[in-house]
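Secondary and tertiary structure notes
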Amino acid sequence: MIRVQTEDFDIGTEVKKLTEGRTDIGAVVTFSGLVRNTDDGALASMELEHYPGMTEKELARIEAEANERWPLQASLVIHRVGKLAPGDNIVLVVTASAHRQAAFESASFLMDYLKTRAPFWKNEDKGGETNWVDARESDGEAAAKWEV
Amino acid sequence: MKLLYFAWVKQKAGVAEEDVTLPGEVRDVSGVISWLKTRGEGYELAFADLSVIRCAVNQEHGDFSTPIAGASEIAFFPPVTGG
């Protein structure tokens, strides 16, 4: 399942919704990403821009790919957009499988692919001065390791 | 043809979205970029460094050689920074 939303999310609630009433899930892995302050501590807020339509399609493609590669019982990707403050949640990935390895690996894969393929852009606001965050080379390398 | 721009590409081009009629000889994404650069300083600025320009044709990642025949939507943006 894919959600792009301005609202916050609650990890416990989301995991409960995904696993409630099911007895075939033995492992749940969650990853959540938060807005980290810049090294100079000057970040006032961060605006998350996205490409409506393509973002949802791309996230769905990435999720489908994870489900092809690993035997997952359930998966969820939530990404927030709009104005966020340091410490706020940005992204949540939940993967559920019979055994832990598929859940760990697929959660890592989902994040690596999301970081390099899902059309989101971060714009930092340091009290009037705004700056588009540059992509990191290490994110591309992290995604490339999943290529077969 | 709908053209979309995001993040600093949008800011430099000075437009978020526009409907354009491309000249008949434009066949791929690089052709679209060359044509855009003739349309004004903003586009020239936005597309000055193509190493940091990414594109999508019909909401799927493409590259500069992606054909645009039959496409209804082309988007230009910097490398993504979500997550």
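To start, this report covers the structure provided alongside it. Position labels on residues start from 1 in each chain and follow its written sequence. Written order determines the labels here, with chains lettered from A and ligands numbered from 1. The predicted origin of the model limits local features to residues at a pLDDT of at least 70 and limits the giving and counting of side-chain atom pairs to 80 or more, whereas totals for whole chains, interfaces and linings rest on all residues.

1. Things to note about the overall build of chain B
Here a strand is any run of E in DSSP of at least two residues, a helix any run of H or I of at least four, and the numbering for each starts at the N terminus. Of the regular secondary structure elements, chain B holds 3 helices and 5 strands. The order of α-helices and β-strands along chain B, N terminus first, is β-α-β-α-α-β-β-β. Only the C-alpha atoms count toward the radius of gyration. The rule for a globule is 2.2 Å times the residue count to the power 0.38. A compact globule built from 83 residues would reach a C-alpha radius of gyration of about 12 Å, and chain B, at 12 Å, matches this within 12%. Across its three principal directions, the C-alpha atoms of chain B cover 35 × 30 × 20 Å. The contact rule is simple: place each C-beta atom from the backbone, and if two of them lie within 7 Å, those residues are in contact. Expressed as a percentage of contacts within chain B between residues at least 6 apart in sequence, the contacts between residues at least 24 apart total 56%.

2. Quick notes on the overall build of chain A
Counting secondary structure elements, chain A contains 4 helices and 8 strands. Beginning at the N terminus, the succession of helices and strands in chain A can be written as β-α-β-β-α-β-β-β-α-β-β-α. On C-alpha atoms alone, chain A measures out to a radius of gyration of 16 Å, which is about the 15 Å that the 2.2 N^0.38 rule sets for 148 residues. Considering only residue pairs separated by 6 or more positions, chain A has 78% of its internal contacts joining residues 24 or more positions apart.

3. Overview of the environment of Val4 of chain A
Residues and elements named next belong to chain A. Tracing the sequence through the fold places Val4 in strand β1 (residues 2–5). A tally of 17 C-beta atoms within 10 Å means that Val4 is categorised as partly exposed. With 46 residues separating them along the chain, Val4 and His50 place their C-alpha atoms 9.3 Å apart. Non-local contacts of Val4, meaning those with residues more than four positions away in its chain, are made with His50, Thr55, Glu56, His79 and Val81. Neighbour counting defines burial: a residue surrounded by 20 or more other C-beta atoms within 10 Å of its own C-beta is buried, one with 12 or fewer is exposed, and intermediate counts give partly exposed, using backbone-placed C-beta atoms.

4. Side note on the sheet that holds strand β7 (residues 120–126) of chain A
Residue and element names in this part refer to chain A. In this description, strands pair whenever DSSP reports at least two bridges between them. The strand order across the open sheet built from 4 strands is β5-β3-β7-β8, with neighbouring strands paired in antiparallel fashion. The open sheet has two edge strands with one neighbour each: β5 (82–84) and β8 (129–132). The sheet shows a mean angle of 25° between the axes of neighbouring strands, taken without regard to direction. As paired elements, strand β3 (residues 45–50) and β5 share 3 bridges and run antiparallel to each other. Note that in β5 the partner of Glu47 across the bridge is Lys83. Interaxial angles span 0 to 180 degrees and are taken between N-to-C directions of axes, which are lines fitted to C-alpha atoms, for helices over the stretch in contact.

5. Some words on the interface of chain A and chain B
Between chain A and chain B, the contact holds 21 residues from the first and 14 residues from the second. Among the secondary structure elements, those contributing two or more residues to the side of chain A that touches chain B are α2 (54–69), α3 (100–117) and β7 of chain A. Here the side of chain A that touches chain B takes 5 residues from α3 of chain A, the largest share from any one element. In the scheme used here, Gly and all other residues not listed as nonpolar or charged are polar, with Ala, Val, Leu, Ile, Met, Phe, Trp, Tyr, Cys and Pro taken as nonpolar and Asp, Glu, Lys and Arg as charged. Residues that form the side of chain A that touches chain B fall into these classes: 12 nonpolar, 4 polar and 5 charged.

6. Describing the sheet that holds strand β1 (residues 2–5) of chain B
In any sheet, the strands associate via hydrogen bonds between backbone groups, in a parallel or an antiparallel arrangement. Residue and element names in this part refer to chain B. One open sheet accounts for 5 strands, arranged β2-β1-β5-β3-β4; its pairing is mixed. Each edge of the open sheet is held by one strand with a lone partner, namely β2 (17–19) and β4 (60–62). Pairs of neighbouring strands in the sheet enclose a mean axial angle of 25°, with direction left out of account. Taken together, the 3 bridges between β1 and β2 define a ladder with antiparallel strand orientation. Bridge pairing in β2 places Leu4 opposite Glu17.

7. Comments concerning the packing of α3 of chain A against helix α4 (residues 137–144) of chain A
Residue and element names in this part refer to chain A. At a minimum axis distance of 8 Å, the contact between α3 and α4 shows a crossing angle of 130°. The orientation of α3 with respect to α4, classified from their angle, is oblique. Considering only the axes of α3 and α4, their crossing is left-handed. Between α3 and α4, the residues in contact are Asp112, Tyr113, Lys115 and Thr116 and Asp139, Gly140, Ala142 and Ala143, respectively. Classifying every residue of the contact of α3 with α4 gives 3 nonpolar, 2 polar and 3 charged. Angles are sorted into four bins: roughly parallel if under 35 degrees, roughly antiparallel if over 145, roughly perpendicular if 65 to 115, and oblique for all others. Put simply, a crossing is left-handed when the front helix is turned counterclockwise from the back one by less than a right angle, and right-handed when it is turned clockwise.

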